[in-house]
Every structure is written in C-alpha cells, then in structure tokens.
Amino acid sequence: MRQWVEARVTFALALDGLRCKQVRMVFDPEAVRAFERARWQQAAWAYESSFATATTQFIDPLLDAAGVAAGTSVLDIACGPGVVAVRAVARGALARGLDFSPAMLAIAVERGIAADEGDAEALPYGDASFEAVVSNFGVHHVPRPAMALSEAHRVLSAGGHVAFSFWAGHADNIAWKLVFDAVARHGDPAASDAPPPGGGFGSAAQCAEALRAAGFVDCTTRLVHATWRHADARELLGALQTGTARMAAMIDAQPRAAMPAIIADIEANAVRYRTSDGIAVPIAAVIAAGTKG
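**Comments concerning the overall build of the chain**
Point 1. Secondary structure assignment for the chain yields 12 helices and eight strands.
Point 2. Computed over the C-alpha atoms, the radius of gyration of the chain is 21 Å, within 12% of the 19 Å expected from 2.2 N^0.38 for a compact globule of 293 residues.
Point 3. When its C-alpha atoms are laid out on the principal axes, the chain stretches across 80 × 50 × 35 Å.
Point 4. In the chain, buried positions account for 49% of the 293 residues.
Point 5. Partitioning the contacts of the chain with sequence separation of at least 6, the portion at a separation of at least 24 is 78%.
Point 6. On the chain, roughly 13,500 Å² of surface is accessible, and the fraction owed to carbon and sulfur atoms is 57%.
Point 7. If the 25 positive side-chain charges of the chain are averaged to one point and the 30 negative ones to another, these points end up 5 Å apart.

**Side note on the environment of His225**
Point 1. Along the chain, the position of His225 falls in strand S6 (residues 216–230).
Point 2. For His225, a relative accessible area of 52% translates into the label exposed.
Point 3. A sequence separation of 14 residues divides His225 from Ala239, and the C-alpha atoms of the two residues are 19 Å apart.
Point 4. When near neighbours in sequence (up to four residues on either side) are disregarded, His225 contacts Asp172, Ile283 and Ala284.

**A look at the packing of helix H2 (residues 29–47) against helix H6 (residues 102–110)**
Point 1. Running from amino to carboxyl end, H2 crosses H6 at an angle of 35°, the nearest separation of the two axes being 7 Å. Contacts between H2 and H6 involve Arg37, Trp40, Gln41, Ala44, Trp45 and Tyr47 from the former and Pro102, Ala103, Met104 and Ile107 from the latter.
Point 2. Residues belonging to the contact of H2 with H6 are distributed by class as follows: eight nonpolar, one polar and one charged.

**Considerations on the pattern of salt bridges**
Point 1. Applying the stated criterion to the full structure yields 18 salt bridges.
Point 2. Two residues, Arg87 and Asp60, come together in a salt bridge whose shortest N-O distance is 3.2 Å. With Arg87 in helix H5 (residues 83–90) and Asp60 in helix H4 (residues 59–65), this residue pair connects regions lying 27 residues apart in the sequence.
Point 3. With a shortest N-O distance of 2.4 Å, Glu267 and Arg274 are connected by a salt bridge.
Point 4. Each of Glu30, Arg33, Asp119, Glu121 and Arg144 takes part in salt bridges that share partners, so that together they form one network.

Definitions and limits used
Residues numbered from 1 in each chain as written. Predicted model: local features only at pLDDT ≥ 70, side-chain atom pairs only at ≥ 80, totals over all residues. Heavy atoms only, no water. Helix = DSSP H or I, 4+ residues; strand = E, 2+ residues; numbered from the N terminus. Rg over C-alpha atoms; globule rule 2.2 N^0.38 Å. Buried < 20%, exposed > 50% of the residue type's maximum accessible area, 1.4 Å probe, protein only. Contact = heavy atoms within 4.5 Å. Areas by Shrake-Rupley, 256 points an atom, 1.4 Å probe, with all protein chains shown as cover. Lys, Arg positive; Asp, Glu negative; His and termini not counted. Charge placed at Lys NZ, Arg CZ, Asp CG, Glu CD. Axes fitted to C-alpha atoms, helices over the stretch in contact; angles between N-to-C directions. Nonpolar A, V, L, I, M, F, W, Y, C, P; charged D, E, K, R; others polar. Salt bridge = Lys/Arg side-chain N within 4 Å of Asp/Glu carboxyl O.

Written out as structure tokens, the structure is:
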C-alpha cells in the first residue's frame, strides 16, 4: 500500500513539474520585453568593449544594404549606444536612433546622436518619416519581430529601404558553436530562466519571408563573414556574458563548478583558430533587406 501511495505521489509531482514547464514555455510578450530591457540595461556600459567588437563588423554591409548615403534620413531601431547611427552620420546621413534601454540611449545621446526611448513594435513616428530603416542585431530581440518590421514599413517613405542583421547558423558562426557545444557537453543549455521568445529567424529564407510578410518587395539576403579576435576562450566567453542578453542569461545560469570545463572545452576546440596573439574565430551574419514599393 505504501509503495502504491509513493508511486502516486511521485507521478503527481512529475505531472506538476510538467505543467509548470508548460506554463513557463507560454509566450508572454511583456515578459520578453521586460527580460530584454533589463538585460540590455545591465550590458550597456560594457557593451562596446565586449560584444560590440563583433557586431560593429557588420555595420557597413548593413548600411550599404539600406542604401544609406549622404542626405539619407535613416532610423536605427534598437540603436543601443548609437554606433550604427554614428557610422551613418559619417556617411552624411541624417540619423535618428530608437531603443527601449535608457542606459543605452544615454550613451548614444552623449556621442551626439538624436535618439528616442520607445517600442519597436509601436514606433513613435509618423507614416513615411524616413528614407531608410536599419537594425543591427536588434529585430530578433523584439517580442514580436513581425510587428517591428510592419512598423518599419509604415514609417518608410515609398521607395525607402529596410535592412537588418541576424546571426547566421552555427555552421558559419563558429564562436557561437564553440560556446553552445561546450555548454551542452559540460553544463545545461536549458538552464536559463529567460522567457521563450515569440519569434525570430532560423535562416536567411525566414528573414526574407518576414520582410515580404511585412509588405516589402525586392527582398534579398546576404551572408557576411568576419573574424572575432580574443586573447583566449575565457575572454570570448566573458564578452558574451557581459555584452549580450539571452546568451548571457544562459552562461550566468551554468553551475559554477562547470565553468572551468566549459572554458577548457572552448579553448581546446578553438586551437585551430589560434594566432600568435590569441584566437581569431569566424563569425557570420545574414543581412536581410527590402524595399517599400
């Protein structure tokens, strides 16, 4: 009898655990927004010396894809500390930034960028306000990327261009592969308490399809390769832990006892990318672009 009761209790607890997991996996856009905002607030002051050393390598291809040149009025969605807008201004463009992180915006404004605090899913601008809209690794951090692209379409003038960047898959993006593989072998990739995202892009084809669904025409994608340089595996992992949102949450959630093995695994598998002064790891991004007809 006791064994039967214990079995029932065990089953009930397992069922409750499954229900809890299912509840956690329900998409909540406000939970995603709160998580992303808090994480980017936290990362703001370390971003440029950490993760931006990767993301800034794709700025010029992004601006080229959106046709940003002298005199172009351009909106940078999820502008962060304004590095893309600064590069656009250097081309002679009239740039404006938007972000939901006051800490990031403070840095952008300090460097002379006109920027607004706002929501990419409900842009605070009138219809046809810009000739170009760009977002450097920002759209997939919005709770509902499709809404952000629709808003980008709305604020563009006829014939205007949109372009956004998105990290490529692990086959091309070796830095990510090194980290995820090491965590899978020695830690727990699902340990993060980050709320499940509501959307995103798993491939270049999905990027193009999202643009078409938002009303854009002449949609294109381009795979751009770069190299991310670090002194060693610990520095690479540190850049991701201090300068990102979801990746940082996953790294933070790993047991402290597992971290030496994770770092050693990355170091061992990065040996083929070692140079005289560190490691030079391949990274890649998809640049997706479209035109408002």
